[in-house]
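# An overview of the molecular structure
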Amino acid sequence: MSAAKPLLELRAVRKTYGSGEAAMHALRGVSLQIEQGDFVAVMGPSGSGKSTCMNILGCMDQPTAGQYLFEDVDVGALTRDQRTLLRRHYLGFIFQGFNLLNRTSALENVELPLIYRGVGAGERRAAAKRALETVGLTGWEHHMPNELSGGQQQRVAIARAIVTQPLLLLADEPTGNLDSQRSREVMDLLTEFNRKDGITVVMVTHEADMAAYAKRIVHFRDGLIETDRATGNGS
Amino acid sequence: MIGVALKLAFRELQRNLMRSILTMLGIIIGVAAVIVLVTLGSGATQQVTQQIASLGSNLLMITGGKRMGPGQSASAPAFQLADAEAIIREVPEIQGVAPQASASSTAIVADQNWGSTVTGSTADFFTVNNRQIAEGRVFTASEARAGAAVCVIGETVREKLFGRQSPLEARIRLQKLSCEVIGLLAAKGQSSMGTDQDDLVVVPLRTFQRRIAGNNDVGMIQVSAGDGADTETVRLALQRLLRARRHISAGEDDNFNVMDMKEIANMLSGTTRMMTGLLSAVAAVSLLVGGIGIMNIMLVSVTERTREIGIRLAIGALEREIMLQFLVEAVVLSSTGGLIGIVLALAASKLLAALLSVPWILHLPVMAEAFAFSAAVGIIFGYVPARKAARMDPIEALRHE
Ligand SMILES: Nc1ncnc2c1ncn2[C@@H]1O[C@H](COP(=O)(O)OP(=O)(O)OP(=O)(O)O)[C@@H](O)[C@H]1O
Ligand SMILES: [Mg+2]
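As the structure is a prediction and not an experimental result, all values here were calculated from the model.

## As for the overall build of chain A
The secondary structure content of chain A amounts to 7 helices and 10 strands. A globule of 235 residues ought to have a C-alpha radius of gyration of about 18 Å, and chain A, at 18 Å, matches this closely. Reported as C-alpha extents along the three principal axes, the dimensions of chain A are approximately 50 × 40 × 40 Å. For chain A, with 235 residues in total, the buried portion stands at 53%. In the structure as shown, chain A presents an accessible area of about 10100 Å², 48% of it carried by carbon and sulfur atoms.

As C-alpha cells, then:
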C-alpha cells in the first residue's frame, strides 16, 4: 500500500478564515496521503474542518499555508482556470444537497460534465444513459429532479459524478439527506465504483455505519487529524 | 460550446416567457421606431421630391411679409393686380403669372353645401400649376377682365355638391356670389403636406375681389419661368422689380418673399430630415433604456441561478464558458427583441404608409443595422451580469439558497 506514490498529499495544510481577532482557524496543519484506489471516510464533530478539507482536495479552495499535491502537481501554484480543468478531467463531486440543475432532465444533468469536456452529443447521450443504468435509473432519464425521490436524485448526482470516469470521487455527506435504506444503496454504489473501477473515494460522513464501508477512517477534531486507521475492508 | 449556449439561452427565454417579453419591450420599441421612421421619412421625402418635379422646377412663389426666420413673417402691404401686370411686362423669360387671393367659403348648390377654399386668379393659374381641365373650359380673358360670375371647381367639390352628375352649367353660391360652373379640373390627389388638391373653387380674380373679398388685395403671385430659364436669375429680377414698386430703399429688408420650388423642396426635405433625426434620438434612448432593462433582468437571473453557476463551476466550467453562456443569453434576448421590432415595424410602416398615402420603401441596410445594434446592446449590457456570474466562487455559490 505504501509502495506507490500517493494520488493526493496534503502537507501541513492550514486554512484560516478572516484575520486578526476574528481569525477562524478551520485547518491547523493537516498532513494526509491518499493512495490510488483508496476509500477514505472522513469523520469528526461539526466545525472540525471536514468540509474545508474536502474543498481543498476538490481544488475549489486554496490552503492558507502548506501544500496540496495532486499526482505530484502543486495545486497551490495553479491558476483558477487550471484548477477548473483539473476538476473537469480528474474529479467527481457528490454533495449532501444533490445539487442537480432543476427543470433539467436526469439525462441532461448527467450529460453536463461531458459538455464541458467537449464530448459530442451522440457519445454524450450514450455515456449518460450508461451511467444512469449503473445507478439503477434506467427509465427515469427524462424525469426532472423535482419528479424524483431524494434517493433517486442522489443516484442521478452519482451518475453525473462518475460519467466522466474520474480518478477521484469526493462526497461531502452524500447520505446526509437520506434514510438508512437509501443511504446503504448509495454506499453500495460508491463501494462498487471503488472496487470495480478503481475510483479513489473520499467521503465525509457523520454515521459510523456508513464509514464502515470505507477502507480507512480519518477523524478530524479542531482542524487537526485526531486518528487515521484502516477498517480492514481493504485487503 | 456556442451551440449548447444558444440552446440553453432559448430554453431560458422560454421558461421566463413573460419576463423575457417585458424585458425585450424597450428594444422592440426602439428598433420598431427607428425602422418605421426611416421608412416613412424616406417615403415622404421621395414623394415630395416627385411632386415638386411634377409641378415643374421652374415655379416661383411671391408672398408678402418680411422674412423673420424660418416660417415667420411680419405683416406688409398686399400685392395688387398691377404688380402682376408689371411682372409680365418687365421680367424677361417668363411663361405665366398667376396673381391669387383666396378665402375659405361654403359652396352651396340647392340643399348641398361644402366648406372649401375659393381662389381668385387669372387663366394662367391652371397652366402655372399644371392643372388639366377634365370637363368644360377655363375662363376667358374677357370674363377675367369683366369679373364674370363663373367658376372652375375641383373633383372633391364636384363629388360633395353634385355626386355623380356633371356640374357644368349649374350655379354655385359662394357667400353673396352666385356663379356658373364652366369647368371641372382633373383630379390630382393629396399633396405631400396631406392637403386635398382637389378641394378648391377657382373664380376670376376680379370677381373674387369685388364680390367676395371686397378689396383689391392679391395675397400671392405664382410665376413660372420659361423652359431653360435660370430660376435664380428670374428670382433676382422679380426681387429688383418688386423692391422698386414697393418703394423699398437700399438699406431696408424686403417686405416680401420670392421662393422658388427648389427652395421649398429643400425646406420640406430638411423638415422631414430633422423630424427623422429627432425621433431617431428618441429611438436611441429607447434602445438604451431597453439595454438597461436587459442588464437588470440578467443581474436578477444571475442571482437566481447562483446555485446553477456553482454546480457548473464545480463540475469544470471555465470562467469564460460561464461568461459566454450569459452573454449569449443576453444577446439572444436583445436580438430576439430586435427581430420582433423589425417585424412589427414592417407591419406598422406598411399600414401607416397606406394611411398617410406615402410610398412604402423597404430599407434593408437600416434593418440590418437595427438588428446589429440590438445584438450589440445585448453584448454591452450583458457584459456586467455575465462577468458577475463568471467570477463567482464555486463554494459560496453552491452554499447559496
Ligand atoms: N467561508 C467561511 N468563512 C468563515 N468561516 C468558515 C467558512 N467556512 C467554514 N468556516 C469555519 O471553519 C470551521 C470548519 O468548517 P467546516 O465547514 O470545514 O466544518 P465541518 O467539519 O464540515 O462541519 P459540519 O460537520 O457541520 O459540516 C467552522 O468553524 C466554520 O465556521
Ligand atoms: Mg461540512
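Back to the text.
## Quick look at the site of ligand 1
Near ligand 1 lie 14 residues; those nearest to it are S46, G47, K50, S51 and T52 of chain A. More than one chain reaches ligand 1: the nearby residues come from chains A and B. Contact between ligand 1 and S46 of chain A: an oxygen atom at 2.4 Å from a side-chain N or O atom of the residue. T52 of chain A places a side-chain nitrogen or oxygen 2.5 Å from an oxygen atom of ligand 1. Contact with the protein chains covers 68% of the free accessible surface of ligand 1, which is 630 Å².

## Some thoughts on the domain arrangement of chain B
Residues and elements named next belong to chain B. Taken domain by domain, chain B comprises domain 1 (2-51 + 266-399) and domain 2 (77-254). With centres defined by C-alpha atoms, the gap from domain 1 to domain 2 works out at 54 Å. Facing the 6 residues of domain 1 at the interface are 5 residues of domain 2. Regarding the contact of domain 1 and domain 2, the summed buried area is about 350 Å², with carbon and sulfur atoms giving 45% of it. When the buried area of domain 1 at its contact with domain 2 is split by residue, Q51, L268 and S357 rank highest and sum to 74% of it. Where domain 1 meets domain 2, there are 0 salt bridges.

## Side note on the UniProt feature "transmembrane region" (unreviewed entry) in chain B
Residues and elements named next belong to chain B. The UniProt record annotates "transmembrane region" (unreviewed entry) at residues 21-41, 278-302, 322-348 and 360-384. Annotation note: span residues 322-348, helix share 100%, strand share 0%, distance between end C-alpha atoms 39 Å. A distance of 40 Å separates the end C-alpha atoms of residues 360-384, which is 84% helix and 0% strand.

## Digging into the side chain of E329 of chain B
Residue and element names in this part refer to chain B. With respect to the secondary-structure elements, E329 resides in helix 11 (residues 319-355). Of the residues examined, E329 reaches a relative accessible area of 8% and is grouped as buried. At 2.9 Å, the side chain of E329 and the side chain of R305 are in polar contact.

## Notes on the sheet that holds strand 8 (residues 200-204) of chain A
Residue and element names in this part refer to chain A. On the basis of which strands lie adjacent, the open sheet formed by 6 strands has the order 6-7-8-3-9-10 and mixed pairing. Looking along the sheet, the strands with just one partner apiece sit at the ends: strand 6 (91-94) and strand 10 (224-230). Averaged over neighbouring strand pairs, the angle between their axes works out to 15° when direction is ignored. Bridging between strand 3 (residues 39-43) and strand 8 involves 4 bridges; their strand directions are parallel. In the sheet register, V40 faces strand 8, and the bridge partner there is V202.

## Re a nonpolar patch on the surface
A grouping of M274, M275, L278, L279 and V282 of chain B is seen on the molecular surface, where their side chains present a nonpolar patch of about 490 Å² in accessible area. The partly exposed category is assigned to M275 of chain B, whose relative accessible area is 44%.

## Description of the nonpolar core
Grouped together as the largest cluster of nonpolar side chains are 83 residues, with contacts concentrated most on L10, L57, Y68 and V202 of chain A. In this view, L57 of chain A contacts L8, L10, Y68, L91, L168, L170 and V202 of chain A; residues no more than four positions away in its chain are not counted. In this structure, I87, V157, V234 and F256 of chain B belong to the second largest nonpolar core, which totals 41 residues.

## Remarks on unusual backbone geometry
All names here are of chain A. One non-glycine residue, D72, adopts positive backbone phi at about 70°. Although it is not a glycine, N99 sits at a positive phi angle of roughly 55°. Structurally, the position occupied by N99 is in the loop between strand 6 and helix 3 (106-116).

## A closer look at the packing of helix 9 (residues 261-304) of chain B against helix 11 of chain B
All names here are of chain B. In contact at an axis separation of 11 Å, helix 9 and helix 11 are set at 140° when each is read in the N-to-C sense. Here helix 9 is positioned oblique relative to helix 11, judged by the angle of their axes. In this structure, helix 9 meets helix 11 at a crossing whose hand is right-handed. On helix 11, the residues that touch I294, I297, M298, S301 and V302 of helix 9 are F326, E329, A330, L333 and S334.

## Describing the pairing of strand 9 (residues 216-221) of chain A
All names here are of chain A. As defined by bridge partners, strand 3 adjoins strand 9 across 4 bridges and the pair is classed as parallel. Paired with V42 across the bridge in strand 9 is V218. Where strand 9 meets strand 10, 6 bridges bridge the pair, whose relative direction is antiparallel. Note on strand 10: the bridge partner recorded for R221 is L224. A loop of 2 residues connects strand 9 with strand 10, the two strands running antiparallel in sequence, and D222 in this loop sits at a positive phi of about 50°.

## A look at the sheet that holds strand 4 (residues 65-70) of chain A
Residue and element names in this part refer to chain A. The strand order across the open sheet formed by 4 strands is 2-1-4-5, and the pairing between neighbours is antiparallel. Edge strands, defined here as strands with exactly one partner in the open sheet, are strand 2 (24-34) and strand 5 (73-74). As paired elements, strand 4 and strand 5 share 2 bridges and run antiparallel to each other. Of the residues in strand 5, the one forming a bridge with F70 is V73. The strands touched by helix 1 (residues 50-57) are strand 1 (8-17), strand 2 and strand 4; relative to strand 1, the strand with the most contacts, the crossing angle is about 125°.

Reading the values: the criteria
- Residues numbered from 1 in each chain as written.
- Chains lettered and ligands numbered in written order.
- Predicted model: local features only at pLDDT ≥ 70, side-chain atom pairs only at ≥ 80, totals over all residues.
- Heavy atoms only, no water.
- Helix = DSSP H or I, 4+ residues; strand = E, 2+ residues; numbered from the N terminus.
- Rg over C-alpha atoms; globule rule 2.2 N^0.38 Å.
- Buried < 20%, exposed > 50% of the residue type's maximum accessible area, 1.4 Å probe, protein only.
- Areas by Shrake-Rupley, 256 points an atom, 1.4 Å probe, with all protein chains shown as cover.
- Near = heavy atom within 4 Å.
- Polar contact = N/O pair within 3.5 Å; in protein donor to acceptor, adjacent residues only side chain to side chain.
- Domains from an automatic or database assignment.
- Contact = heavy atoms within 4.5 Å.
- Buried area = accessible area lost by both parts, 1.4 Å probe.
- Salt bridge = Lys/Arg side-chain N within 4 Å of Asp/Glu carboxyl O.
- UniProt positions renumbered as here; feature names shortened; annotations may be inferred.
- Pairing = 2+ DSSP bridges.
- Axes fitted to C-alpha atoms, helices over the stretch in contact; angles between N-to-C directions.
- Patch = residues over 30% accessible without salt bridge, like charges linked within 9 Å, V, L, I, M, F, W, Y side chains within 5 Å.
- Core = buried A, V, L, I, M, F, W, Y, C linked by side-chain atoms within 4.5 Å.
- Parallel < 35°, antiparallel > 145°, perpendicular 65-115°, else oblique.
- Left-handed = near helix turned anticlockwise from the far one by under 90°.

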